[in-house]
Amino acid sequence: MSTNDIVGGNSGSPVVNAKAQVVGLAFDGNIQSLPGYFYYDGSVNRTVSVDSRALLEAMRKVYDAGPLVDEILGRARPVGK
């Protein structure tokens, strides 16, 4: 959860920390974020995010997409090996 400004269509957007590191993906917003196209109220608006480490773990162990995770992390094996 964070007070990042989110509106419809932002789901899947990267969540970046102060060091410019991608730390997750925006998943949803609370009901107070719905009028976000018109105004933002940081005292009540919340963004629900998913930690990028959890996404990578699910891709590797649940979806059997280990090679894709390796590629995302820059650990791709050469083709044909």
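Before reading on, note that the structure itself is shown above.
Structural notes, computed from the coordinates. Everything numeric in this text was worked out from a predicted model, so none of it was measured.

Once that is clear, we can look at the pairing of strand E2 (residues 22-29). Relative to E2, strand E1 (residues 14-16) runs antiparallel, the two being bridged by 3 bridges. Residue pairing across strands places Pro-14 opposite Leu-25, the latter belonging to E2.

The antiparallel open sheet is built from 3 strands, whose spatial order is E1-E2-E3. Since the sheet does not close on itself, it has two edges, and those belong to E1 and strand E3 (47-51), each with one partner. Going from strand to strand, the sheet's axes swing by 50 degrees on average, the running direction of each strand aside. Here helix H1 (residues 52-61) sits on the sheet in contact with E2 and E3, set at roughly 50 degrees to E3.

Overall, the coordinates contain 3 salt bridges when judged by the stated rule. Between Glu-57 and Lys-61 there is a salt bridge, with its nearest N and O atoms 2.7 Å apart. With Glu-57 and Lys-61 both in helix H1 and 4 residues apart, the pair spans about one turn of that helix. Under the relative-accessibility criterion, Glu-57 is labelled partly exposed at 38%. The partner of Asp-70 in a salt bridge is Arg-60, with the nearest N and O atoms 3.2 Å apart. On the criterion of sequence distance, the pair formed by Asp-70 in helix H2 (residues 66-72) and Arg-60 in helix H1 is long-range, its members being 10 residues apart. The partly exposed category is assigned to Arg-60, whose relative accessible area is 31%.

With that settled, the discussion passes to the side chain of Thr-47. If you trace the backbone, Thr-47 turns up in strand E3. Thr-47 gets classed as buried once you look at its relative accessible area, which sits at 2%. From its side chain, Thr-47 meets the backbone oxygen of Asn-4 in a polar contact 2.6 Å long.

A contiguous nonpolar surface patch, about 460 Å² in accessible area, is contributed by Tyr-37, Phe-38 and Tyr-39. When you line up the elements, Tyr-37 lands in the loop between E2 and E3.

Turning next to unusual backbone geometry. Although it is not a glycine, Ala-20 adopts a positive phi angle of roughly 65 degrees. Mapped onto the elements, Ala-20 comes out in the loop between E1 and E2. The class of Ala-20 is exposed, set by a relative accessible area of 64%. Unusually for a residue other than glycine, Asp-64 sits at a positive phi of about 50 degrees. Tracing the backbone through its elements, the reader meets Asp-64 in the loop between H1 and H2.

Procedures and definitions
- Residues numbered from 1 in each chain as written.
- Predicted model: local features only at pLDDT ≥ 70, side-chain atom pairs only at ≥ 80, totals over all residues.
- Heavy atoms only, no water.
- Pairing = 2+ DSSP bridges.
- Helix = DSSP H or I, 4+ residues; strand = E, 2+ residues; numbered from the N terminus.
- Axes fitted to C-alpha atoms, helices over the stretch in contact; angles between N-to-C directions.
- Contact = heavy atoms within 4.5 Å.
- Salt bridge = Lys/Arg side-chain N within 4 Å of Asp/Glu carboxyl O.
- Buried < 20%, exposed > 50% of the residue type's maximum accessible area, 1.4 Å probe, protein only.
- Polar contact = N/O pair within 3.5 Å; in protein donor to acceptor, adjacent residues only side chain to side chain.
- Patch = residues over 30% accessible without salt bridge, like charges linked within 9 Å, V, L, I, M, F, W, Y side chains within 5 Å.
- Areas by Shrake-Rupley, 256 points an atom, 1.4 Å probe, with all protein chains shown as cover.

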